[in-house]
Amino acid sequence: MLTDIFFSLVIGGSVGIIGHVRKHGKIVMPRKTKRFLYLGFLEELLLGAIASLLLVLYTAPNSFVEITVFSIIAGISGDVVLSKFKMLNQNSEEK
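Throughout what follows, the structure given in this document is the object of discussion. (Residues numbered from 1 in each chain as written. Predicted model: local features only at pLDDT ≥ 70, side-chain atom pairs only at ≥ 80, totals over all residues. Heavy atoms only, no water.)

As a further point, take the overall build of the chain. A count of helical and extended segments in the chain gives 3 helices and 2 strands. Going from the N terminus to the C terminus, the chain shows its helices and strands as α-β-β-α-α. C-alpha extents for the chain along the principal axes are approximately 45 × 25 × 20 Å. Per-residue burial for the chain yields a buried fraction of 28% across its 95 residues. In the chain, 59% of the contacts between residues at least 6 apart in sequence involve partners at least 24 apart. With an accessible surface of roughly 6700 Å², the chain has 70% of that area assigned to carbon and sulfur atoms. A distance of 13 Å separates the average location of the 10 positive side-chain charges in the chain from that of its 7 negative side-chain charges. (Helix = DSSP H or I, 4+ residues; strand = E, 2+ residues; numbered from the N terminus. Buried < 20%, exposed > 50% of the residue type's maximum accessible area, 1.4 Å probe, protein only. Contact = heavy atoms within 4.5 Å. Areas by Shrake-Rupley, 256 points an atom, 1.4 Å probe, with all protein chains shown as cover. Lys, Arg positive; Asp, Glu negative; His and termini not counted. Charge placed at Lys NZ, Arg CZ, Asp CG, Glu CD.)

So, in structure tokens, the structure goes:
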């Protein structure tokens, strides 16, 4: 079970980083501004890893193929959730 958890964290984090590079064209490093702390690529890495971990723990897959598929799906959905949250946040600031 511990190897399943570790494997899902690595796959989900990797998908998060790939989504970050696809979105920004490069890896944006974390930085601190006057108003907030911007996590950069760590934001997508953590979100993808946590989403894949939760999905793997919830579904309890039987093989590494299922773990890989679930982790990739969770990493992509984590990126989609983050994009939707940012879009909703921008819409509320415009009003």
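Moving on from the coordinates now.
The next thing to look at is a nonpolar patch on the surface. On the surface, a cluster of nonpolar side chains totalling about 530 Å² of accessible area is made up of Leu37, Leu39, Leu42, Leu46, Ile50 and Leu54. It is helix 2 (residues 41–59) that contributes the most residues to the nonpolar patch, 4 residues altogether. We classify Leu42 as partly exposed; its relative accessible area is 31%. (Patch = residues over 30% accessible without salt bridge, like charges linked within 9 Å, V, L, I, M, F, W, Y side chains within 5 Å. Salt bridge = Lys/Arg side-chain N within 4 Å of Asp/Glu carboxyl O.)

Approximately 180 Å³ is the volume found for the largest pocket. Looking at the largest pocket, the residues that line it are Arg35, Phe36, Glu43, Leu82, Phe85, Lys86, Asn89, Gln90 and Glu93. Considering every element that reaches the lining of the largest pocket, the biggest residue donor is helix 3 (residues 64–94), with 6 residues. Of the residues in the lining of the largest pocket, the class split is 3 nonpolar, 2 polar and 4 charged. (1 Å grid on protein atoms, 1.4 Å probe; cavity = no way out; pocket = protein on both sides within 12 Å on 5 of 7 lines; lining within 4 Å. Points joined across faces, edges and corners; volume = space filled by probe spheres on them. Nonpolar A, V, L, I, M, F, W, Y, C, P; charged D, E, K, R; others polar.)

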